[in-house]
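Working through the structure, step by step
Chain by chain, the residues run as shown.
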Amino acid sequence: MNTESLVTLLRNEIEKTGYKCYSPDLPQDLEKIVAISLGEGTNERSLNKDILYSRIPFYLLIRGTSNDTETRSIADAFFKQLDHKTDLENDNLRIVLISCNMPNYAFRDENQRIHYNINCTAKVQWKE
C-alpha cells in the first residue's frame, strides 16, 4: 500500500476545482485553500484473495474567507468534485468510489476566516 500515492491522486483531483490543496496542514497566511488528511482504514480481500481493497476515510478542512456565502461555495465545489467520483487511477491504485458527507461549518479562526470540513471515504483497490 502506498498512501503517499493515494494522497497525491486525491490532491490532484481536488485541485481541479481551481483551489490549492495541502497535506496535512493549512499554511497560516493563505485563504481559499483546503487540507487533506487520511484516517485509519480497513482492508478486505476479494473472495479469490487476489485483490486487496481498503476503505480509507479522509478529511478535508477548508479555509475560506470571513464571508460565509463565499466559503460555503468553496466547500460545495470540493463536495461536487469528489462525491460519487469513480475510477481515479494511477500506477499503484484505483479508487473505486469516493463518498462524502455534506460540508459542515467547523469554526472561525482568530482572523475571522470561516472553516468548513468534509468527511469522505474512498474505496481503494491496490495494485500488487
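The structure reproduced in this document is the subject of the present report. Note that the structure is a prediction, hence the values are computed from the model and not measured.

We now examine the overall build of the protein. A count of helices and strands for the protein gives two helices and eight strands. Taking 128 residues into account, the globule formula puts the C-alpha radius of gyration at 14 Å, and the protein, at 15 Å, falls close to it. Each principal axis of the C-alpha distribution contributes one length, and for the protein these read about 55 × 25 × 25 Å. Relative to its 128 residues, the protein shows a buried fraction of 39%. For the protein, restricting intrachain contacts to residue pairs at least 6 apart in sequence, the fraction spanning at least 24 positions comes to 59%. Looking at the protein as shown, the accessible area adds up to about 7000 Å², and 44% of this sits on carbon and sulfur atoms.

With respect to the helices and strands, Gly64 occurs in the loop between β4 (52–63) and α2 (68–82). Assessed through its relative accessible area of 0%, Gly64 is described here as buried. Contact partners of Gly64, with chain neighbours within four places excluded, come to Glu31, Lys32, Thr71, Ile74, Arg113 and Ile114.

Rules behind the numbers
- Residues numbered from 1 in each chain as written.
- Predicted model: local features only at pLDDT ≥ 70, side-chain atom pairs only at ≥ 80, totals over all residues.
- Heavy atoms only, no water.
- Helix = DSSP H or I, 4+ residues; strand = E, 2+ residues; numbered from the N terminus.
- Rg over C-alpha atoms; globule rule 2.2 N^0.38 Å.
- Buried < 20%, exposed > 50% of the residue type's maximum accessible area, 1.4 Å probe, protein only.
- Contact = heavy atoms within 4.5 Å.
- Areas by Shrake-Rupley, 256 points an atom, 1.4 Å probe, with all protein chains shown as cover.

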